[in-house]
Amino acid sequence: MLAPGLSGCILGSERPDLNLDVPATYREASRGAPDAALPAADWWRGFRSSELTMLMEAAQIYNLDIAVAVAQIVQADAQVGISGAPLLPSLTGTATAERIRDAASGGGGLGSVGPTTFSQYNLGLTASYMVDFWGKNRATLYAAEESASVARYNREVVTLTTIVTVANTYFQVLAAQDELRVARRNLADAERILTLIKQQFAGGTASQLELSQQEALVETVRASIPPLQVTVEQNIAALALLVARAPANFNVTGGTTSAIVVPRVTPGMPSELLYQRPDVRQAEAQLAASNFSVEAARAAFFPQIQLTAQTGVQSAALASLFGPGAWFYTLSSGLTQPLFDGFQLESQLKQAKGVQLQNLQAYRKAVLSAFSDVEKALVALAKFTLQERLQAAAVAASQKAFDVSETQFRGGTVNLLTVLQTEQTLFTAENTLVLVRLSKLLAASSLFQALGGGWTPGGTLASLQPPGQN
């Protein structure tokens, strides 16, 4: 009865100083956005793409990396049970039946006893308990519980990484499809100009050089199409893997990056990020586990107290096994104190402290990396949004210049070189606009990931789960 009260006397020893540098605000935080909010649990719906939403939900259910993370939680929970077992008494039941023949003694002389044969029946119960006076077993249990929390946070990290990868891969598909449309439209423009030059060449107003230049341009644009098709197909195959589907049985309709809406979001306060990011919480739990491991290693230097009790019945005849005289019991206690073990315990303590220091630095890095990720995503989203607006104006101006040059070329007031330059400028501007839109979308998904989008402490990011998984 005293043992549980005496357990855990050394728990709560010193903890390393975290020494975190937490800023008051983000340098690039937006101010005064009335419709901005912290990331919603289903933040991907804010992009207003039903196909993207379907892919996100499918990934949360079927993704194999998430399934592996869930299996690791099962293992971690089982380890908690294993680590908690020494805190409870151990009960063992025994039952034996023996037939014994004792050889003759005395060498066959006077007084010698002949061989005897007898039976022995034994039914017993043994209880043992290791008094956790110094808190070693309790600290080991707490370390296992924190490791189980690490496994749960890891599941959220894997889930968040997976769905952001789904979004980014889907955006890559849309951007490649946009580039395909630009290339095909540019090919149609080049072929139209080529037809016009052929007419002028037949009439003697265009040279062979001009005809060859335009033919080269047409073939160059046509040759740029297959690599874009490769990009589309490879990213669709990557999406198939993310939702655990065979690429041959999977397809994506896609669309255009211009149809994707970037939802407004506020980063909140930097101090809130320590609770919003599952990877930061994971590093924190890992540090806590190593703290308890240090306490367990320190407690191993102290004596171990073992209490043992045994009771049962024993008889030479089965019929009298439960008789009044058959009952027996023993009570014992023992104390074991390590004296010299080749410095094994000291080395184990040093190792535990080294792991603690490693996890402390990893936690500090996780916190600073979280702040850095948010700052970089905020900068990228703001600047790419501005660049998109400027590049759209450049495309409009390039389109107007090309239309004017083509009209004047038909009228014979400008030469082919002017048309080729305006055509190439338009093609480059349109391609650049597609890439800028892609960069903006990738920055938006990075911001949601940096803010731990969709995950809340005590909850789960993956609201949709396969059958049989908790």
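This section reports on the structure supplied with the text. Keep in mind that what you see is a predicted model, and the values were worked out from it rather than measured.

## Some remarks on the nonpolar core
Formed by 76 residues in total, the largest nonpolar core has its most connected members in F47, F171 and L239. Of all the secondary structure elements, the ones that give two or more residues to this core are α2 (50–62), α4 (136–202), α5 (208–223), α6 (225–242), α7 (270–276), α8 (278–299), α9 (344–411) and α10 (416–450). The dominant element in this core, judged by the number of residues it contributes, is α4, at 20 residues. Ignoring sequence-local partners within four residues, the contact set of L239 consists of L55, V166, T169, Y170, V173, F250 and V252.

## Side note on the layout of surface pockets
Computed from the structure, the second largest pocket encloses a volume of approximately 180 Å³. Surrounding the second largest pocket, 13 residues form its lining, R277, D279, D373, Q449 and A450 being those nearest its centre. Taken together, the elements giving at least two residues each to the lining of the second largest pocket come down to α4, α8, α9 and α10. By residue number, the principal contributor to the lining of the second largest pocket is α9, which donates 4 residues. When grouped by side-chain class, the residues that make up the lining of the second largest pocket number 6 nonpolar, 3 polar and 4 charged.

## Overview of helix α3 (residues 64–84)
Between its first and last C-alpha atoms α3 spans 31 Å; for 21 residues at 1.5 Å apiece the expected length is 30 Å, and the two agree. By the burial criterion, the buried members of α3 are I66, A69, V70, I73, A76, V80, S83 and G84. Seen end-on, α3 carries its buried residues on one side only, within an arc spanning 135°. In α3, the exposed positions that point more than 90 degrees away from the buried face belong to L64, V74, Q75 and I82. Next to the buried residues of α3 lie α2 and α4. Structurally, the start of α3 carries an N-cap: the backbone nitrogen of D65 is 3.0 Å from a side-chain oxygen of N63.

What counts as what
- Residues numbered from 1 in each chain as written.
- Predicted model: local features only at pLDDT ≥ 70, side-chain atom pairs only at ≥ 80, totals over all residues.
- Heavy atoms only, no water.
- Core = buried A, V, L, I, M, F, W, Y, C linked by side-chain atoms within 4.5 Å.
- Buried < 20%, exposed > 50% of the residue type's maximum accessible area, 1.4 Å probe, protein only.
- Helix = DSSP H or I, 4+ residues; strand = E, 2+ residues; numbered from the N terminus.
- Contact = heavy atoms within 4.5 Å.
- 1 Å grid on protein atoms, 1.4 Å probe; cavity = no way out; pocket = protein on both sides within 12 Å on 5 of 7 lines; lining within 4 Å.
- Points joined across faces, edges and corners; volume = space filled by probe spheres on them.
- Nonpolar A, V, L, I, M, F, W, Y, C, P; charged D, E, K, R; others polar.
- Expected span 1.5 Å × (residues − 1).
- Arc of directions from axis to C-beta.
- Polar contact = N/O pair within 3.5 Å; in protein donor to acceptor, adjacent residues only side chain to side chain.

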